[in-house]
Amino acid sequence: MPEPWPLRHLVLRTPRLELRPDDDTGLDELVAVGHRGVHPPEQMPFHVPWTDADPRYLGRGMLQHFWQQRSALTPENWAVHFLVRFEGRVVGVQTMRAKDFAGRRTIDSGSWIGMEVQGRGIGTEMRAAVLAFAFDHLGATRATSAAFADNARSLRVSDKLGYRRTGTATVVRRGEPTEEVQVAITPDEFLRPDWTLTVEGYPACAGLLAARPPA
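How each quantity is defined
Residues numbered from 1 in each chain as written. Predicted model: local features only at pLDDT ≥ 70, side-chain atom pairs only at ≥ 80, totals over all residues. Heavy atoms only, no water. Helix = DSSP H or I, 4+ residues; strand = E, 2+ residues; numbered from the N terminus. Rg over C-alpha atoms; globule rule 2.2 N^0.38 Å. Buried < 20%, exposed > 50% of the residue type's maximum accessible area, 1.4 Å probe, protein only. Contact = heavy atoms within 4.5 Å. Areas by Shrake-Rupley, 256 points an atom, 1.4 Å probe, with all protein chains shown as cover. Lys, Arg positive; Asp, Glu negative; His and termini not counted. Charge placed at Lys NZ, Arg CZ, Asp CG, Glu CD. 1 Å grid on protein atoms, 1.4 Å probe; cavity = no way out; pocket = protein on both sides within 12 Å on 5 of 7 lines; lining within 4 Å. Points joined across faces, edges and corners; volume = space filled by probe spheres on them. Nonpolar A, V, L, I, M, F, W, Y, C, P; charged D, E, K, R; others polar. Polar contact = N/O pair within 3.5 Å; in protein donor to acceptor, adjacent residues only side chain to side chain. Axes fitted to C-alpha atoms, helices over the stretch in contact; angles between N-to-C directions. Parallel < 35°, antiparallel > 145°, perpendicular 65-115°, else oblique. Left-handed = near helix turned anticlockwise from the far one by under 90°.

(A) Up close: the overall build of the protein chain. For the protein chain, the helix and strand inventory stands at 5 helices and 9 strands. A compact globule built from 215 residues should have a C-alpha radius of gyration of about 17 Å, and the protein chain, at 17 Å, falls within 12% of that. Over its C-alpha atoms, taken along the principal directions, the protein chain stretches across nearly 50 × 35 × 30 Å. Evaluated residue by residue, the protein chain yields a buried proportion of 46% over its 215 residues. In the protein chain, the share of contacts with a sequence separation of at least 24, taken over all contacts with a separation of at least 6, comes to 66%. Surface summary for the protein chain: the accessible area is close to 10,700 Å², and the carbon and sulfur share equals 52%. Charge centroids of the protein chain, computed over 26 positive and 26 negative side chains, lie 1 Å from each other.

Pasting the structure below:
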């Protein structure tokens, strides 16, 4: 019988991190990270201000979001939310999404990690992992991302990896207009880390993600 959900076997490994698509046990850990804090209260790095939610309902909202995304995944429109584990515990999430990937060959990414592990290069390492996976395994030819202009940490990660800035947009954040910086990168522009990504369980996922057939 064919594996009904091949993403359950996908693993990306870097020298310090393990990235696996979300599962319910890992999501419980991610909820705990969210409760412990992702950013100072006076800041808001997200389009949807989910961290402003009433603590009584924050966890439920997080679970419903990831469940909805998982259930709606199709080869034509998908989002894979990699739970990022550092020293054996979930510390954040690295999302990779695409629409019409078979023709466009473009992925977009977003991420967050708990405040308790910020400033240790984890954000750069996990984004490098999904870029290497997208370019070297899925056959992506372009990757995009975005961050608010005052989100220096996220923009610094983009700069380190070789993204170029492609424009800006005005979006509403907490009811106020805010500048967003848009960035993009190609395989040739990618400033690769000095380590090689290890991937397990990929070939079975290629069709689900509309990726190129494995070599």
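Having seen the structure, we can now continue with the description.
(B) Geometry of empty space enclosed by the protein. Inspection of every chain in the model, using the stated rule, returns 1 cavity of 30 Å³ or more. The calculated volume of the largest cavity comes to roughly 60 Å³. If you go around the largest cavity, the residues you meet are Trp5, Leu7, Pro21, Asp22, Gln69, Arg70, Leu73, Ala79, Val80 and His81. In terms of residue count, strand S3 (residues 77-86) provides more of the lining of the largest cavity than any other element does, 3 residues in total. In terms of residue class, the lining of the largest cavity is built from 6 nonpolar, 2 polar and 2 charged.

(C) Main features of the environment of Glu180. For Glu180, the position within the fold is in strand S8 (residues 176-185). Its relative accessible area of 9% is what places Glu180 among the buried residues. Along the sequence, Glu180 and Glu87 sit 93 residues apart, while their C-alpha atoms lie 33 Å from each other. Apart from residues no more than four positions distant in its own chain, Glu180 is found in contact with His47, Ala146, Ala147, Phe148, Ala149, Gly167, Thr168, Ala169 and Val171. Among the polar contacts listed, one links the side chain of Glu180 to the side chain of His47, at a separation of 2.4 Å.

(D) Structural detail: the side chain of Asp22. Within the fold, Asp22 resides in the loop between strand S2 (17-21) and helix H1 (24-36). There is a polar contact of 2.8 Å between the side chain of Asp22 and the side chain of Arg70.

(E) Representation of the packing of helix H4 (residues 122-138) against helix H5 (residues 152-161). At a closest axis distance of 10 Å, the pairing of H4 and H5 adopts a crossing angle of 50 degrees. Between H4 and H5, the angle is such that the two are oblique. Where H4 crosses over H5, the two elements pack in a sense that is right-handed. Contact residues: Gly123, Thr124, Arg127, Ala128 and Leu131 in H4; Ser154, Val157, Ser158, Lys160 and Leu161 in H5. Split into classes, the residues belonging to the contact of H4 with H5 amount to 4 nonpolar, 4 polar and 2 charged.

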